[in-house]
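# Per-entry structural report
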Amino acid sequence: MEPNRERVTDDLVLRKLASDIIPAMRAIQIVDLTGPDSALALVELPEPEPAHMLTPGAGVLIDVHAAGVSFPEVLQTRGSYQLKPPLPFVPGSEVAGVVRSAPAGGQVKAGDRVAAFCGLGGFAETAVAPEFFTFALSPELDFAQGAGLILNYHTAYFALVLRGRMKAGETVLVHGAAGGVGTAALQVAKGIGARTIAVVSSNAKQRVAEQAGADEVVRSDGAWKDEAKELSGGGVDVVLDPVGGDRFTDSLRSLRENGRLVVVGFTGGSIPEVRVNRLLLGNTEVVGAGWGGYVMGKPELNREIGAAVNSMVDEGVVRPIVGERFPLERAGEALKAIDERRATGKVVLDVRAG
Ligand SMILES: NC(=O)c1ccc[n+]([C@@H]2O[C@H](COP(=O)([O-])OP(=O)(O)OC[C@H]3O[C@@H](n4cnc5c(N)ncnc54)[C@H](OP(=O)(O)O)[C@@H]3O)[C@@H](O)[C@H]2O)c1
């Protein structure tokens with residue numbers, strides 16, 4: 001008994017010493033690939049160094065108050081997302097919090113409230129993001145809203161404006177319009193001066209789309225294509241599609257001449273195929289919009305998009321719609337809400353109080 005007890009005591013002393021040198025933090029790890037019910041574990045880990053893999057040796061260290069939850073994290077619990085880090089790893093692509101340290105000469109400094117895209121590592125009390133992916137958080141937004149700002153709103157701006165070439169006065173049809181990307185697209189389109197038609201699957205989601213500012217709402221189980229054509233006087237200019245699946249062909253049919261269908265994601269589960277004669281006959285385009293891959297190596301473009309989104313916050317048109325909130329330790333439930341198609345707006349983990 002005695003030697004064992006000594007070893008346990010030594011162990012505790014060593015762990016205490018280690019945590020005095022490298023502060024520990026609570027975090028959620030993906031430990032296996034069995035899905036949101038069982039793949040997550042709450043763990044204590046050493047805090048990360050202020051260095052991000054995209055900016056080796058440098059990074060903004062952030063005390064995380066809220067972490068955004070998105071579809072890719074659900075896919076990561078099953079190993080079916082394109083980014084597949086070795087197990088175990090801390091998921092979480094975006095956070096809002098307070099800067100603890102930042103590279104000198106950057107746009108943010110210690111003590112600033114920020115929204116940041118960290119890629120991984122966000123489901124933790126401390127996270128690191130590249131300086132070019134860290135943005136001052138307007139006092140108009142709380143941390144939960146900040147945790148829903150980058151992935152969805154930067155994607156919406158990139159997809160609608162830079163890829164979809166959308167302009168004031170045009171009409172956009174937004175699929176999955178009560179979801180994270182969908183609600184962001186409705187607001188960004190408003191900020192550009194466009195008219196919006198939201199496609200949703202339930203009454204609850206209709207209310208969320210209306211709250212996000214949709215001009216018109218149609219139902220995905222109804223005659224949405226005909227309704228969209230009628231509401232837009234013959235066809236919409238842009239379709240924003242985070243859903244894919246079997247509604248793709250009707251999306252093409254709902255476009256007017258010169259219309260653009262912007263492909264953003266495939267929550268519907270299947271990747272549609274295009275019969276290109278439809279594009280020829282309708283004089284329309286299908287455009288891909290993969291935000292992360294495009295902006296990753298373009299710091300100036302990130303700042304441009306960040307400034308455009310922040311000025312829409314200042315104008316009052318961008319207000320992230322926060323849906324269900326869960327404490328960090330209940331991250332699995334947050335992922336299940338998305339997986340079971342119950343989520344509306346942005347699902348958020350509250351990591352620290354305040
Ligand atoms: N391309 C990019 O750069 C980029 C960036 C960010 C996200 N994304 C992708 O965009 C997609 C949407 O992300 P999100 O955060 O907006 O997701 P979300 O909040 O879960 O919303 C997705 C919406 O898709 C609709 N949907 C239709 N069939 C579904 C199904 N079988 N299961 C779940 N949802 C279904 C739902 O609306 P209804 O029930 O009303 O139909 C739901 O509200 C994801 O695939 C994500 O990976 C792409």
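Located above this text is the structure these notes cover.
Residues numbered from 1 in each chain as written. Predicted model: local features only at pLDDT ≥ 70, side-chain atom pairs only at ≥ 80, totals over all residues. Heavy atoms only, no water.

### Things to note about the environment of Gln107
Locating Gln107 in the fold gives a position in the loop between strand E4 (94–101) and strand E5 (113–117). By relative accessible area, which is 51% here, Gln107 ends up exposed. Leaving out residues up to four positions away in the same chain, Gln107 has contacts with Glu131 and Arg303. (Helix = DSSP H or I, 4+ residues; strand = E, 2+ residues; numbered from the N terminus. Buried < 20%, exposed > 50% of the residue type's maximum accessible area, 1.4 Å probe, protein only. Contact = heavy atoms within 4.5 Å.)

### Some details on the pattern of salt bridges
Here the structure, examined in full by the defined rule, presents 24 salt bridges. Across the pair Asp112 and Lys109 runs a salt bridge, and its minimum N-O distance is 3.0 Å. Residue classification places Lys109 among the exposed positions, given a relative accessible area of 54%. Of the charged contacts, one joins Asp250 and Arg253 as a salt bridge, the two residues approaching to 2.9 Å between their closest N and O atoms. (Salt bridge = Lys/Arg side-chain N within 4 Å of Asp/Glu carboxyl O.)

### So, a nonpolar patch on the surface
Taken together, the side chains of Met53, Leu54 and Met296 define a hydrophobic patch exposed on the protein surface, amounting to about 280 Å² of accessible area. Judged by relative accessible area, Met53 falls into the exposed class, the value being 60%. (Patch = residues over 30% accessible without salt bridge, like charges linked within 9 Å, V, L, I, M, F, W, Y side chains within 5 Å. Areas by Shrake-Rupley, 256 points an atom, 1.4 Å probe, with all protein chains shown as cover.)

### Notes on the site of the ligand
The full set close to the ligand counts 24 residues, and Val181, Ser201, Lys205, Ala289 and Trp291 are the nearest of them. For the ligand, an oxygen atom lies 2.8 Å from a polar atom in the backbone of Val181. Interatomic distance of 2.9 Å between a side-chain N/O atom of Thr267 and an oxygen atom of the ligand. Considered on its own, the ligand offers 910 Å² of accessible surface; in the complex 88% of this is hidden by protein. For the shell around the ligand, the secondary-structure elements that each account for two or more residues are helix H2 (71–76), helix H4 (150–163) and helix H5 (180–192). Across the shell around the ligand, the residue classes tally to twelve nonpolar, nine polar and three charged. (Near = heavy atom within 4 Å. Polar contact = N/O pair within 3.5 Å; in protein donor to acceptor, adjacent residues only side chain to side chain. Nonpolar A, V, L, I, M, F, W, Y, C, P; charged D, E, K, R; others polar.)

### Some remarks on the packing of H4 against helix H11 (residues 299–315)
At their nearest, the axes of H4 and H11 sit 10 Å apart, and the two run at 100 degrees to each other. Comparing the axis directions of H4 and H11 gives the class roughly perpendicular. Mapping the contact onto sequence places Tyr153, His154, Tyr157, Phe158 and Leu162 in H4 and Leu301, Asn302, Ile305, Gly306, Ala308, Val309 and Met312 in H11. Its residues assigned to classes, the contact of H4 with H11 comprises nine nonpolar, three polar and no charged. (Axes fitted to C-alpha atoms, helices over the stretch in contact; angles between N-to-C directions. Parallel < 35°, antiparallel > 145°, perpendicular 65-115°, else oblique.)

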